[in-house]
Amino acid sequence: MKEKKILVTGGAGFIGGNFVQYMVEKYPEYDVFNLDNLTYAGDLTKHSLIEMKNNYNFIKADIVDDRLIMSIFEKEKFNYVVHFAAESHVDRSITNPGIFVQTNVIGTQVLLEAAKRVGITKFVHISTDEVYGELDFDPTTFFIEETPLKPNSPYSASKASSDLLVRAYHETYGLPINITRCSNNYGPFHFPEKLIPLTISRVLTDEKVPVYGEGQNIRDWLHVFDHCAAIDLVLHKGVNGEIYNIGGHNERTNLEVVRTIIQALGKSEELIEFVEDRLGHDKRYAIDSAKLKQLGWKPSYTFETGIIQTVQWYVENEVWWKQIINGQYLTYFNKQYSL
Ligand code: NAD
Ligand code: DAU
């Protein structure tokens, strides 16, 4: 019998997967439950190094299935919930918004209800800086926790809706919660539909890299290991009911990001292909994480060190990403891009 039971939803995905590995290694005294229904974005092969550990457990379940979720909570009586499971890709939300409402809004409410009924100690909701909308290119402006919510895509609108439900469960029922809002992550096991792993995998296979518009939109990049450490801190030290922004002040235009990767791999910039812009494309995201820093968090990677580590990881883990890009992902890619 372990000291604490922690439920991680979406633990077969990118950030949830890294968080599961981080928690299993760091807290042998906790029982870590990875709950995931293995959508196109989920895979368990990433957990081959931890799956035999006695503090790792996997449950295949859909967070929208209220009866199943309730029965799992009643059986396991989790102490902590860290909720990552979501539809996470903006482009997919533009072509197919319905599933984003189902998973991100309804799924979150189902989990909140189950958490309320069994009386958990802490529910950490993993949200995104995209709920604040976009910033202009003035480099002195940042998202703070009090910035009004103004989501622009179906994805970010569904995440903002889930944030409001989490807040409401705290205000109405006293559910102990925290909401974290992080900037763009990158690092190992990032699904190749997103800009950084898409660029690395395409450059490694000498294929064109699609850059939306003129590549001048700005994102604020954070290494996923730094995100995991931040969530660990919020889970254990976060003040009940509070929201924490997470970001490391690593703003780059998309073109800068793509050029950095091409250079790191010693390839030609002729691989860059400017393509039609994303609908409603947010100009800039930039996070002020002063509140979290006061709690004791500090990122350990700069963009320069993190991107080299990540490129190296993709070079060494070709088997993992090649099985994805050669599978059902191909159908998505060919529909999304005409390269
Ligand atoms: P991801 O798409 O890589 O993984 C999502 C996981 O959720 C997958 O394993 C998938 O199988 C699972 N899932 C989806 N629907 C489910 C359902 N109905 N029931 C159970 N499991 C389900 O996502 P990610 O990039 O790791 O993002 C994780 C969370 O972090 C999301 O909530 C996202 O909004 C948030 N976030 C992501 C970023 C980023 O840069 N990727 C930044 C800030 C916040
Ligand atoms: O800010 C946090 C968010 O970051 C998370 O909430 C989302 O889950 C996550 O997907 C990410 O959203 P973005 O839309 O910023 O990430 P993406 O990797 O899709 O795109 C990054 C930038 O690169 C964006 O400006 C669009 C651009 N882009 C993206 C793709 C996939 C391209 O130019 N070409 C592409 O092919």
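Quick notes on the rules
- Residues numbered from 1 in each chain as written.
- Chains lettered and ligands numbered in written order.
- Predicted model: local features only at pLDDT ≥ 70, side-chain atom pairs only at ≥ 80, totals over all residues.
- Heavy atoms only, no water.
- Helix = DSSP H or I, 4+ residues; strand = E, 2+ residues; numbered from the N terminus.
- Contact = heavy atoms within 4.5 Å.
- Core = buried A, V, L, I, M, F, W, Y, C linked by side-chain atoms within 4.5 Å.
- Buried < 20%, exposed > 50% of the residue type's maximum accessible area, 1.4 Å probe, protein only.
- Near = heavy atom within 4 Å.
- Polar contact = N/O pair within 3.5 Å; in protein donor to acceptor, adjacent residues only side chain to side chain.
- Areas by Shrake-Rupley, 256 points an atom, 1.4 Å probe, with all protein chains shown as cover.
- Nonpolar A, V, L, I, M, F, W, Y, C, P; charged D, E, K, R; others polar.
- Domains from an automatic or database assignment.
- Buried area = accessible area lost by both parts, 1.4 Å probe.
- Salt bridge = Lys/Arg side-chain N within 4 Å of Asp/Glu carboxyl O.

J.: Sorry, what's going on with the environment of L149 here?
T.: Within the secondary structure, L149 is located in the loop between β5 (122-128) and α5 (154-173). Setting aside its immediate chain neighbours within four residues, L149 contacts V131, Y132, A160, L164 and R181.

J.: What's the story with the nonpolar core in this structure? I'm lost.
T.: For soluble globular proteins, nonpolar side chains are generally found buried alongside one another. The biggest cluster of nonpolar side chains holds 33 residues, and the ones touching the most others in it are I196, I200, I261, F303, I307, W320 and Y329. Looking at this core, the elements with two or more residues in it are α6 (195-204), β8 (209-212), α8 (254-264), α10 (303-316), α11 (318-325) and α12 (329-336). With residues up to four places along the chain from it excluded, the contact list for I307 reads Y186, I196, T260 and I261. By size, the runner-up hydrophobic cluster in this structure holds 31 residues, among which are F14, M23, Y27 and I231.

J.: Could you clarify how one ought to interpret the site of ligand 2 in this entry?
T.: Close contacts around ligand 2 come from 25 residues, with D129, Y155, R278, H281 and Y337 the closest. A distance of 2.9 Å separates a nitrogen atom of ligand 2 from a polar backbone atom of P210. One of the side-chain N or O atoms of Y337 is found 2.7 Å from an oxygen atom in ligand 2. Compared with its free state, where it exposes 690 Å², ligand 2 has 94% of that area covered by protein. With three residues, the single largest contributor to the shell around ligand 2 is β8. Considering only residue class, the shell around ligand 2 consists of 10 nonpolar, eight polar and seven charged. In terms of domain composition, the shell around ligand 2 takes at least three residues from each of domain 1 (4-185 + 221-246) and domain 2 (192-219 + 252-282 + 304-333).

J.: Explain the domain arrangement of the protein here, please?
T.: Often, the extent of an interface is quoted as the loss of accessible area on bringing the components together. Entries for the protein in the domain assignment read domain 1 (4-185 + 221-246) and domain 2 (192-219 + 252-282 + 304-333). Computed over C-alpha atoms, the centres of domain 1 and domain 2 are 25 Å apart. Taken together, the 18 residues of domain 1 in the interface contact 23 residues of domain 2. Approximately 1700 Å² of surface area, both sides summed, lies buried where domain 1 meets domain 2, with 53% of it carried by carbon and sulfur atoms. Between the two partners, domain 1 and domain 2, sit two salt bridges. The residue E193 makes a salt bridge to R92 at a minimum N-O spacing of 2.7 Å. Here domain 1 is connected to domain 2 by nine residue pairs in polar contact (both at pLDDT 80 or more). When contributions to the side of domain 1 that touches domain 2 are tallied by element, the ones reaching two or more residues are α3 (90-95) and β9 (218-223). Sorting elements by how many residues they give to the side of domain 1 that touches domain 2 places α3 first, with four residues. Classifying every residue of the side of domain 1 that touches domain 2 gives six nonpolar, seven polar and five charged.

J.: For this particular structure, what's the right way to read the site of ligand 1?
T.: Around ligand 1, a shell composed of 28 residues is seen, among which I15, D36, S88, Y155 and K159 lie nearest. At 2.7 Å, a backbone N or O of I15 approaches an oxygen atom of ligand 1. Within the backbone of I63, one N or O atom sits 3.0 Å away from a nitrogen atom of ligand 1. Protein burial of ligand 1: of its 840 Å² of free accessible surface, 96% is covered by the chains. When residues of the shell around ligand 1 are assigned to their parent elements, the largest contribution, three residues, is made by β5. When the residues that make up the shell around ligand 1 are grouped by side-chain class, the tally is 13 nonpolar, 12 polar and three charged.

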